[in-house]
Amino acid sequence: MLEVGALPVTSLLTAALIVQLVILSLLITARRAVLGGIQFGDAEDVELRHRIRAHGNFIEIVPIVIIALGIMELAGAPRDLLWLLAGGFFAGRVLHAIRMFARSLWPGLIAIVTQHLICLYAGYWIFRHFLF
């Protein structure tokens, strides 16, 4: 059985990402209310579509990264490495949200590169740790 606080990095990252998920969800709800209470779809509203995609992208990638970092933490990955990956990933998610709402190219590119590098490294670390 795990001790309380056994996964501090994964736990704190998860908590921060939950807050971000709620914010993204509330932004969709707020836009739907402004548009007259639309319940389904995007009503062909560009702003609502961007908010839905920001939320969708978030829920597509975040769970697997949380799982990967949790596995790394349980397997004894260096704490500094975990904080670096968690912090970089969270910063990338914030940049991605900024890109979706500000529609600026650079935050999105930085977010995508950061996200993919972290995912690749986490996968590499797990493979290396458990297979070699």
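Refer to the structure printed above.
No experiment lies behind these values; they were computed from the predicted model shown.

Trainee: Explain the pattern of salt bridges to me, and be specific about the residues and the numbers.
Mentor: Per the stated rule, a full pass over the model turns up four salt bridges. As a salt-bridge pair, Glu47 and Arg51 come within 3.0 Å of each other at their nearest N and O atoms. Of the two residues, Glu47 and Arg51 are both situated in helix H2 (residues 46–74); the distance of four residues between them amounts to about one turn of the helix. A relative accessible area of 16% places Arg51 in the buried class.

Trainee: So what about the nonpolar core? Which residues, and what values?
Mentor: If you look at the biggest cluster of nonpolar residues, it comprises 23 residues, and the most contacted ones within it are Leu17, Val62, Leu69, Met72, Leu82, Leu85 and Phe89. With eight residues, the top contributor of residues to this core is H2.

Trainee: Tell me about the environment of Gly41, and name the residues and values.
Mentor: With respect to the secondary-structure elements, Gly41 resides in the loop between helix H1 (8–34) and H2. Note: C-alpha distance between Gly41 and Ile52 (11 residues apart in sequence) is 9.0 Å. Contacts of Gly41, omitting those with residues within four sequence positions, involve Arg32, Leu48 and Ile52.

Trainee: Tell me about the packing of H2 against helix H4 (residues 105–131), and name the residues and values.
Mentor: Packed helices, taken two at a time, are described by the angle their axes make and the gap between the axes. The N-to-C vectors of H2 and H4 enclose an angle of 35°; their axes lie 10 Å apart at closest approach. Along this stretch, H2 crosses H4, giving a crossing that reads as left-handed. Contact residues: Asn57, Ile61, Val65, Ala68, Ile71 and Met72 in H2; Gln115, Cys119, Ala122, Trp125, Ile126 and Phe130 in H4. Grouping the constituent residues of the contact of H2 with H4 by class yields 10 nonpolar, two polar and no charged.

Quick notes on the rules
- Residues numbered from 1 in each chain as written.
- Predicted model: local features only at pLDDT ≥ 70, side-chain atom pairs only at ≥ 80, totals over all residues.
- Heavy atoms only, no water.
- Salt bridge = Lys/Arg side-chain N within 4 Å of Asp/Glu carboxyl O.
- Helix = DSSP H or I, 4+ residues; strand = E, 2+ residues; numbered from the N terminus.
- Buried < 20%, exposed > 50% of the residue type's maximum accessible area, 1.4 Å probe, protein only.
- Core = buried A, V, L, I, M, F, W, Y, C linked by side-chain atoms within 4.5 Å.
- Contact = heavy atoms within 4.5 Å.
- Axes fitted to C-alpha atoms, helices over the stretch in contact; angles between N-to-C directions.
- Left-handed = near helix turned anticlockwise from the far one by under 90°.
- Nonpolar A, V, L, I, M, F, W, Y, C, P; charged D, E, K, R; others polar.

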